[in-house]
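Tertiary structure, described
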Amino acid sequence: MRHAYLLPLLSLLSLLFTVAAAPAVAAPAATTLRWRGDFTTANSLADGLAKAWARDGGGKLEVDSFNTISGIDQALDGKVDIAGSARPPFSGRPRESGLVFTPLAWDALVLITHRNNPVHDITLQQLYQVYMGYTTNWSQLGGPDKPIDLYSIASPLDGVEFDLRKFLYGRGDQEIAAPRLYLNTQQLQIAVGLDPNALGVSAYSNVYRNPRLQMLRIEGIRPDASSISDGTYPMLVPLYFGSNPNDPKAAEVQKFLRFAEGPRGQAVIRAQGLIPYADAAALAAGADTRATWIAQRLAAEQSAGRIAMNGPLAAPGATYSQGASIAPTSPNTRAARARMDARDAQDKKSKVRKTADADDSEGGGGE
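Structure report, in brief. (Residues numbered from 1 in each chain as written. Predicted model: local features only at pLDDT ≥ 70, side-chain atom pairs only at ≥ 80, totals over all residues. Heavy atoms only, no water.)

Next up on the list: the nonpolar core. Judged by nonpolar contacts, the single largest core of 74 residues is most densely connected at L45, L111, Y131, Y233, M235, F241 and F256. Tallying contributions element by element places strand β4 (residues 100–114) first for this core, with eight residues. Beyond its immediate stretch of four places on either side in the chain, Y233 contacts A108, L109, V110, I218, I221, R222, P223, S227, I228 and R290. A75, L76, L99 and F101 belong to the second largest nonpolar core, which has eight residues in total. (Core = buried A, V, L, I, M, F, W, Y, C linked by side-chain atoms within 4.5 Å. Buried < 20%, exposed > 50% of the residue type's maximum accessible area, 1.4 Å probe, protein only. Helix = DSSP H or I, 4+ residues; strand = E, 2+ residues; numbered from the N terminus. Contact = heavy atoms within 4.5 Å.)

A few words now on the side chain of T68. For T68, the location among the structural elements is in helix α3 (residues 68–76). Setting aside chain neighbours within four positions, we find T68 in contact with G37, D38, G84, S85, R87, L157, D158 and G159.

Throughout the structure, instances matching the rule amount to 15 salt bridges. One salt bridge connects D56 with R264, and the closest N-O pair in it is separated by 3.1 Å. Here D56, found in the loop between α2 (39–55) and β2 (60–65), pairs with R264, found in helix α10 (residues 263–271); they are 208 residues apart in sequence, far enough to count as distant. Of the residues examined, D56 reaches a relative accessible area of 40% and is grouped as partly exposed. Using a relative accessible area of 32% as the deciding quantity, one classes R264 as partly exposed. Ionic pairing is found between R95 and D73, a salt bridge with its closest N-O pair at 3.0 Å. Of this pair, R95 sits in the loop between β3 (82–85) and β4 while D73 sits in helix α3, and the two are 22 residues apart along the sequence. Taking relative accessible area as the criterion, D73 reaches 11% and is therefore assigned buried. Each member of the salt-bridge network shares a partner with another, and the members are D73, D77, R87, R93, R95 and E96. (Salt bridge = Lys/Arg side-chain N within 4 Å of Asp/Glu carboxyl O.)

Taken as a whole, the largest pocket spans an internal volume of roughly 430 Å³. Lining the largest pocket we find 23 residues, and of these K166, F167, L236, A287 and A291 sit closest to its centre. Secondary-structure elements contributing two or more residues to the lining of the largest pocket are α5 (159–169), β11 (236–243) and α12 (287–303). Here the lining of the largest pocket gets nine residues from one element, more than from any other, and that element is α12. Looking at the lining of the largest pocket, its residues break down into 17 nonpolar, one polar and five charged. (1 Å grid on protein atoms, 1.4 Å probe; cavity = no way out; pocket = protein on both sides within 12 Å on 5 of 7 lines; lining within 4 Å. Points joined across faces, edges and corners; volume = space filled by probe spheres on them. Nonpolar A, V, L, I, M, F, W, Y, C, P; charged D, E, K, R; others polar.)

These values are about where atoms sit, not about what they do.
Laid out in structure tokens, this is it:
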């Protein structure tokens, strides 16, 4: 009887030992989603949302920024779960209708040039003629007597380029006269920042904090947070995430998209200088008004005979089927890159000479 009190204790110890020895049940692993798309959408949306999604325990979003077409095609082919695009589906490629394009944020197209370029304003009519190849010198835009080095994206149907051509010509696959071709807007921006005679198009979210570039006013309207948020600036564009309803991870993709549209996702979007799409119904409602405003200015120039309508000069193809002609290995692209390499090499030599001259000067002063 003296040891009777030990029985409950032994039973409790036995239970604890059994529980401790039982194998731990692992928590289900978070799903990894794969994202691919253009640099603009990656830089402005995907990177930040991926970090926030992981911090909130949602899982991992692998971000691979390349270009618009690759993201759309790989999402359609089941190689990635989400495509990033700065444009809606293109009717000229029927297969793109197989994706659901969800708009997440409002961005703006901006025309960029070197920070030291004395031209600060450009009209829609002037843009039309520059991209058609009729206006080729900065003096025609009120600047110095220097050639306009027009830069564009080599990838067919790039989102930013598509949007600009849709605004100017009514069709996103319009051919243009731009022999200096780059893989994405990131590479284009680097080139424009090195060339005092450069002109190109990018997204506001990509460049508004870049000190090497200046954004031109369009019809006197400066692209900034105020003019974009109130819809005064005319060339506003949504940024989309495209998803495939047949993706095996479709449920997890929808969960991520709900997160992106929710308070945490919207905070990330605002931090990038963008406007959450769901918060700006007025901007969506005003899209037709902005498009009409642009068309009216171009129609006035056309009726005055100041815009030639007989097509582009020596314009590289911009449709998917003509992609090979403007691929990174095309003659135009190789020539443009050769010029840039030569210019960079010359810049390096100049810097070396300046450094050597400065060293000689300091040495001479000390003797």
